[in-house]
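Listed below, chain by chain, are the residues.
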Amino acid sequence: MVVWEGYVSDETMGTVAPIIVYWVYAGVYQFLSPSLGKFRLHTLDEENEKNVIPIITVVKGVLLQQLLQILITQLGFFITSYTEETSRPTVQPSVPIQILQILIAMFIFDTCQYFVHRYMHHNKFLYRHVHSHHHRLVVPYAVGALYNHPVEVVSDMLGGAAAFFGSGMTPRTSVWLFCLITVKAVDDHSGLRLPGNLFHVLFKNNGAYHDVHHQVNGVKYNYSQPFFTFWDIVMGTYMPYNVMKRPGGGFEVRMMKKRS
């Protein structure tokens with residue numbers, strides 16, 4: 001039993017919930033960020049000077065991406081439900097099985113993200129015309145987490161589909177997975193290093209880790225996202241870093257020399 005049962009379908013919830021979660025979570029971060037200078041990885045001056053596009057353009061870009069996301073997700077669920085036996089109700093697995101499915105899905109999603117993301121950087125055409133949109137935010141912030149070229153919606157959705165089908169989860173379980181992916185993406189782009197943040201405790205892949213990738217000299221490293229660092233380590237693209245206290249307050253992420 002879940003709170004939305006009897007009101008909306010699991011498929012609808014899996015489509016809408018990540019978008020609601022995105023704007024609530026990112027909105028809170030965005031609102032609080034200016035007053036949290038002692039926890040910021042970049043100053044407000046750096047954010048204004050280094051980012052080449054205004055926030056209104058970012059918001060419009062995210063809304064366009066989410067519209068495409070809704071259309072693709074609903075199409076995917078429609079095709080799945082059409083090809084499956086619909087006369088029997090879906091049996092929901094036990095909680096331990098769902099947790100295992102989510103963990104498997106996280107790894108599958110990370111795998112897809114790593115290799116697609118890395119290819120987007122190494123293919124000059126794709127980087128110049130597609131992925132460079134995201135890197136217009138040299139200093140990331142929360143509402144810009146999903147600011148991408150519309151073409152990247154397709155690659156992200158394919159990764160989500162691979163995680164969904166590869167883990168064998170039901171649409172109900174996918175609601176939790178896609179909300180988790182959304183919250184993690186926002187957190188990694190928030191530009192904040194808050195004490196007690198569970199994501200920083202549970203994952204080495206966090207805001208500071210991804211900040212390295214957004215730095216001009218770090219774009220060829222730390223491709224992994226949003227959960228693990230496994231593929232960066234295995235493929236030799238991991239860039240170690242230190243998080244230093246900034247003299248004027250806040251933090252600064254400094255890349256270390258890569259180990260040979």
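Residue indices follow the written sequence of each chain, beginning from 1 at its first position. The predicted origin of the model limits local features to residues at a pLDDT of at least 70 and limits the giving and counting of side-chain atom pairs to 80 or more, whereas totals for whole chains, interfaces and linings rest on all residues. Excluding hydrogens and water, the side-chain figures rest on all heavy atoms present in the structure.

The protein chain carries the name Fatty acid hydroxylase domain-containing protein in an unreviewed UniProt entry, which gives Brassica campestris as its organism. UniProt positions are given in the numbering used here, feature names are shortened, and annotations may be inferred rather than shown by experiment. Comment text from UniProt for the protein chain, heading Sequence similarities (unreviewed entry), reads "Belongs to the sterol desaturase family." Its UniProt record gives the protein chain the following Subcellular location (unreviewed entry) comment, quoted word for word: "Membrane".

K.L.:
Even after reading the chapter, I still don't get the packing of helix α1 (residues 10-32) against helix α7 (residues 171-189), so can you show me in this structure?
P.N.:
Packed helices, taken two at a time, are described by the angle between their axes plus the distance between the axes. Two numbers describe how α1 lies on α7: the axes approach to 9 Å, and their chain directions differ by 20°. Between α1 and α7, the interaxial angle falls into the category roughly parallel. Our pair here, α1 against α7, has a crossing hand that is right-handed. The segment α1 lies against α7, with Asp10, Glu11, Met13, Gly14, Ala17, Pro18, Val21, Tyr22, Tyr25, Ala26 and Tyr29 engaging Pro171, Arg172, Val175, Phe178, Cys179, Thr182, Val183, Val186 and Asp187. Looking at the contact of α1 with α7, its residues break down into 14 nonpolar, two polar and four charged. Note on definitions: angles span 0 to 180 degrees between N-to-C directions of axes, and those axes are lines fitted to C-alpha atoms, for helices only across the stretch in contact. The way it works is that DSSP assigns letters per residue, a run of H or I at least four long becomes a helix, a run of E at least two long becomes a strand, and they are numbered from the N terminus. Oblique is the label for any angle not under 35 degrees, not over 145, and not in the 65 to 115 range, which are roughly parallel, roughly antiparallel and roughly perpendicular in turn. Note on convention: the crossing is left-handed when the near helix lies turned anticlockwise from the far helix by less than a right angle, right-handed when the turn is clockwise. Contact definition: two residues touch when any of their heavy atoms are within 4.5 Å. Each residue gets one label: Ala, Val, Leu, Ile, Met, Phe, Trp, Tyr, Cys and Pro are nonpolar, Asp, Glu, Lys and Arg are charged, and the others, such as Gly, are polar.

K.L.:
Before we go on, may I ask you to explain the nonpolar core in this structure?
P.N.:
General note: in soluble globular proteins, nonpolar side chains tend to be found buried as a group. Of all hydrophobic cores here, the largest spans 25 residues; its most connected members are Tyr22, Ala26, Val58, Val62, Val186, Tyr241 and Val253. Among the secondary structure elements, those contributing two or more residues to this core are α1, α3 (55-83), α9 (207-214) and β2 (251-255). Beyond its immediate sequence surroundings of up to four residues, valine 58 is in contact with Ile53, Leu137, Tyr141, Val143, Gly144 and Tyr147. What we call a nonpolar core is a set of buried Ala, Val, Leu, Ile, Met, Phe, Trp, Tyr and Cys residues that are connected through their side-chain atoms within 4.5 Å. Between buried and exposed lies partly exposed: a residue is buried under 20% and exposed over 50% of the maximum accessible area for its type, with that area taken using a 1.4 Å probe on protein chains only. The next biggest cluster of nonpolar side chains, apart from the first, holds 15 residues, and it includes Ala105, Phe109, Leu177 and Ile181.

K.L.:
Quick question: what am I supposed to make of the layout of surface pockets here?
P.N.:
Rolled over the atoms, a probe with the dimensions of a water molecule shows which regions are left empty. Here the largest pocket is characterised by a volume of approximately 890 Å³. Surrounding the largest pocket, 40 residues form its lining, Phe109, Val153, Asp156, Met157 and Gly160 being those nearest its centre. Looking at the lining of the largest pocket, the elements with two or more residues in it are α1, α3, α4 (95-122), α6 (151-167) and α7. Ranked by residues supplied to the lining of the largest pocket, first place goes to α6 with ten residues. Its residues assigned to classes, the lining of the largest pocket shows 19 nonpolar, 18 polar and three charged. With a 1 Å grid laid over protein atoms only, a set of points is called a cavity when a 1.4 Å probe fits there but cannot get out and a pocket when it is open yet has protein on both sides within 12 Å along at least five of seven lines; lining residues have an atom within 4 Å of a point. Grid points are joined across faces, edges and corners, and a volume is the space filled by probe spheres set on the points.

K.L.:
I tried to follow the environment of leucine 67 on my own but got confused; where do I start?
P.N.:
With respect to the helices, strands and loops of the structure, leucine 67 is situated in helix α3. Sequence separation between leucine 67 and valine 175 is 108 residues, and the spatial gap between their C-alpha atoms is 18 Å.

K.L.:
What's the story with the side chain of glutamine 101 in this structure? I'm lost.
P.N.:
On the secondary structure map, glutamine 101 appears in helix α4. You can call glutamine 101 buried: its relative accessible area is 11%. Excluding its chain neighbours within four sequence positions, the residues that come into contact with glutamine 101 are Pro93, Ser167, Gly168, Met169 and Thr173.

K.L.:
Looking at this model, I keep getting lost on empty space enclosed by the protein. Mind explaining?
P.N.:
What the rule picks out here adds up to two cavities of 30 Å³ or more. For the largest cavity, the calculated volume is near 40 Å³. As for the largest cavity, its lining consists of Phe107, Asp110, Tyr114, Ser224, Gln225, Phe228, Thr229, Phe230 and Trp231. At the level of secondary structure, the elements contributing two or more residues to the lining of the largest cavity comprise α4 and α10 (230-235). The greatest single-element share of the lining of the largest cavity, amounting to three residues, is contributed by α4. Taken together, the residues of the lining of the largest cavity sort by class into five nonpolar, three polar and one charged. Within this model, the second largest cavity holds a volume of roughly 30 Å³. Contributing to the lining of the second largest cavity are Ser33, Arg40, His42, Glu47, Val139, Pro140, Ser190, Gly191 and Leu192. Here the residues of the lining of the second largest cavity are counted per class, giving three nonpolar, four polar and two charged.

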